[in-house]
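Listed here are the chains, written in short residue letters.
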Amino acid sequence: MAESTAGARGGPGATLSVQELRVLVAAAGAAPSLHNTQPWQFRAADDGHGVLVFADPGRAVPLADPEGRGMLLSVGAALFNLRVAAARQGLPVDELELLPGPAEEGSPVAVVHFGPRGVPDETAELADAIALRHSSREPFNNRDVPEAVIGELIAAAAAEDTVLDPLEEAEARRVLALIAEAEARIVADAARLAETGSWLRGEPAADGIPVAALGPQDHEARVPMRDFTGRGPAGSQRFEALPQLLTIATRGDTAADWLRAGQAMERVWLVATAHGLRVSVLHQAVELPETRWRLRNPESGVGTVQVVLRVGYGPPGAATPRREIDELLHGPVPAT
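Summarised in this report is the structure supplied together with it. (Residues numbered from 1 in each chain as written. Predicted model: local features only at pLDDT ≥ 70, side-chain atom pairs only at ≥ 80, totals over all residues. Heavy atoms only, no water.)

1. With respect to the overall build of the protein chain
Move 1: Counting its secondary structure elements, the protein chain contains ten helices and 13 strands.
Move 2: Rg of the C-alpha trace for the protein chain: 19 Å, near the compact-globule value of 20 Å for 336 residues, within the 12% margin.
Move 3: Its C-alpha atoms give the protein chain principal-axis dimensions of roughly 60 × 40 × 35 Å.
Move 4: Scored against the burial criterion, the 336 residues of the protein chain give a buried share of 54%.
Move 5: Carbon together with sulfur atoms contributes 53% to the accessible area of the protein chain, which is approximately 14100 Å² in total.
Move 6: For the protein chain, the centre of its 30 positive side-chain charges and the centre of its 45 negative side-chain charges are spaced 3 Å apart. (Helix = DSSP H or I, 4+ residues; strand = E, 2+ residues; numbered from the N terminus. Rg over C-alpha atoms; globule rule 2.2 N^0.38 Å. Buried < 20%, exposed > 50% of the residue type's maximum accessible area, 1.4 Å probe, protein only. Areas by Shrake-Rupley, 256 points an atom, 1.4 Å probe, with all protein chains shown as cover. Lys, Arg positive; Asp, Glu negative; His and termini not counted. Charge placed at Lys NZ, Arg CZ, Asp CG, Glu CD.)

So this is what it looks like as structure tokens:
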């Protein structure tokens, strides 16, 4: 049985219209994903009162993500966007079921059940940030993120049953060293680079990473940005002296935890975006077993680190392409 993250359903739920389903799927499809693979599909529930969320194994990156952890993290981010869009439509999530085990083709990884229509809840306030949220691989300035904003990001992660840790200088430098170590290993792996390269896009496409969105490398090599090509930086710039790093950890390390971490990541990202912050994901150390287990703070860390985020003030990231809504819909749509 799937894990439920809400109480028992409270009566007949709202029936989705075709237009509402398309609005929800469009918002979900705007979520971030590893290499912009967009590994998700959606289907209206048979009773019309919810949405089934699927991982799309055909869009996996097995060398970078052999366990499917990154894929479910991405699907979790899409799931949170769907919840935000539903809140904006006045569709309260009465129950959310999360997959307890590995993703299986043809089976949903999450099921969203809607309750009776009502007034939009506070989650709806994040809806405008969905279209503004982009990964920024550009240098940030040295302006500190206010403590009050950090507090909101901590609360956003906690709302999804995860723990966000804003890293102090010593811990940030330790994590940066782990990311640099992982980046060096990845760049030295020809098969991994070929897999990554298959998602680079020099021409307009519906998915993948436009070359124009790759961003520069750090001139002083303090911030280990991913080298997507393996050929070294085409250009470099001076990045912030010490990046503000945040880690998001879960108490467990199951498929449900990966989905939970993805929802937390997107919630944090949207709150950050609403405050004018830019965000990029430093994912390299999470991809390798040799570095992933060492991300946890040995003195105060809780659970398993699933995400490392770099946040700050600077230029917005470039928009990345999105698949058409009809490509993301799976199975019959509502009749109304």
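That covers the picture; the talk isn't over yet.
2. Examining the sheet that holds strand E11 (residues 244–250)
Move 1: Read across the open sheet, the four strands follow the order E6-E11-E13-E12; overall the sheet is antiparallel. Two strands bound the open sheet, and with one partner strand each, they are strand E6 (163–166) and strand E12 (278–281). Shown here is a sheet whose adjacent strand axes are inclined to one another by a mean of 30 degrees, direction ignored.
Move 2: Bridge count between E12 and strand E13 (residues 304–312): four bridges; the pairing is antiparallel. Bridge pairing in E13 links Val 281 to Leu 309. (Pairing = 2+ DSSP bridges. Axes fitted to C-alpha atoms, helices over the stretch in contact; angles between N-to-C directions.)

3. Considerations on unusual backbone geometry
Move 1: Of note in this structure, His 35 is not a glycine but carries a positive phi near 60 degrees.
Move 2: Counting through the fold element by element, His 35 comes out in the loop between helix H1 (18–28) and strand E2 (40–44).
Move 3: A positive phi angle is found at Asn 36, which is not glycine, with a value near 55 degrees.
Move 4: Along the polypeptide, Asn 36 turns up in the loop between H1 and E2.

4. Considerations on the nonpolar core
Move 1: Within the largest apolar cluster, 68 residues are counted, with the highest numbers of intra-cluster contacts made by Leu 24, Phe 42, Val 51, Phe 114, Leu 153 and Leu 309.
Move 2: Residues within four places of Leu 153 in sequence aside, it is in contact with Leu 164, Leu 246, Val 268, Val 271, Ala 272 and Leu 277.
Move 3: If you look at the next biggest cluster of nonpolar residues, it comprises 20 residues, including Met 225, Leu 245, Leu 282 and Leu 288. (Core = buried A, V, L, I, M, F, W, Y, C linked by side-chain atoms within 4.5 Å. Contact = heavy atoms within 4.5 Å.)

5. Overview of the packing of aromatic side chains
Move 1: Tallying each qualifying case throughout the model produces zero aromatic pairs.
Move 2: Residue placement shows Arg 143 over the ring face of Tyr 313; its charged tip is 3.7 Å from the ring centre.
Move 3: Directly above the aromatic system of Phe 140 lies the positively charged group of Arg 310, at a separation of 3.7 Å from the ring centroid. (Phe/Tyr/Trp six-rings, centres within 6.5 Å; stacked < 30°, edge-to-face > 60°. Lys NZ or Arg CZ within 6 Å of the ring centre and 35° of its normal.)

6. Things to note about the pattern of salt bridges
Move 1: Applying the stated criterion to the full structure yields 25 salt bridges.
Move 2: Here Glu 171 makes a salt bridge to Arg 174, at a shortest N to O gap of 2.7 Å. A residue pair is termed a helical-turn pair when its members lie 3 or 4 positions apart in one helix, as Glu 171 and Arg 174 do in helix H5 (residues 169–187) at three residues.
Move 3: Take Arg 174: its relative accessible area is 27%, and that puts it in the partly exposed class.
Move 4: Here Arg 185 ties to Glu 181 by a salt bridge, and the two come within 3.7 Å at their closest N and O atoms. Taken together, the residues span about one helical turn, with Arg 185 and Glu 181 both in helix H5 at a distance of four residues. (Salt bridge = Lys/Arg side-chain N within 4 Å of Asp/Glu carboxyl O.)

7. Focus: the packing of H1 against helix H2 (residues 69–88)
Move 1: Between H1 and H2, the shortest axis-to-axis distance is 7 Å and the interhelical angle comes to 140 degrees. On the basis of their axis angle, the class for H1 and H2 is oblique. As H1 packs across H2, the resulting crossing turns out to be right-handed. Between H1 and H2, the contacting residues are Val 23, Leu 24, Ala 27 and Ala 28 on the first element and Ala 78, Asn 81, Leu 82, Ala 85 and Ala 86 on the second. (Parallel < 35°, antiparallel > 145°, perpendicular 65-115°, else oblique. Left-handed = near helix turned anticlockwise from the far one by under 90°.)

8. What to know about the side chain of Thr 162
Move 1: Position of Thr 162 among the secondary structure elements: in the loop between helix H4 (147–159) and E6.
Move 2: On the basis of relative accessible area, Thr 162 is assigned to the buried category, the value being 4%.
Move 3: Apart from the residues within four sequence positions on either side, Thr 162 is in contact with Ala 157, Ile 248, Ala 249, Thr 250, Arg 260, Ala 261 and Ala 264.

9. Things to note about H5
Move 1: For H5, built from 19 residues, the straight-helix expectation of 27 Å at 1.5 Å per residue is met to within 8% by its first-to-last C-alpha distance of 27 Å.
Move 2: Regarding H5, the residues found buried are Glu 171, Ala 172, Val 175, Leu 176, Leu 178, Ile 179, Ala 182, Glu 183 and Ile 186. Along the axis of H5, the buried positions cluster into a sector of 160 degrees, meaning they face one direction only.
Move 3: In the core, the buried residues of H5 are packed alongside helix H6 (190–197), E11, helix H8 (284–287), helix H9 (289–292) and E13. (Expected span 1.5 Å × (residues − 1). Arc of directions from axis to C-beta.)

10. As for the packing of H2 against helix H7 (residues 255–274)
Move 1: At a minimum axis separation of 7 Å, H2 and H7 run at an interaxial angle of 50 degrees. The angle between H2 and H7 falls in the class oblique. Taken as a pair, H2 and H7 cross one another with a handedness that is right-handed. Residue-level contacts link Arg 69, Leu 72, Leu 73, Val 75, Gly 76, Ala 77, Leu 79, Phe 80, Asn 81, Arg 83 and Val 84 of H2 to Ala 255, Trp 258, Leu 259, Ala 261, Gly 262, Gln 263, Met 265, Glu 266, Arg 267 and Leu 270 of H7.
Move 2: For the contact of H2 with H7, the residue count by class is 13 nonpolar, four polar and four charged. (Nonpolar A, V, L, I, M, F, W, Y, C, P; charged D, E, K, R; others polar.)

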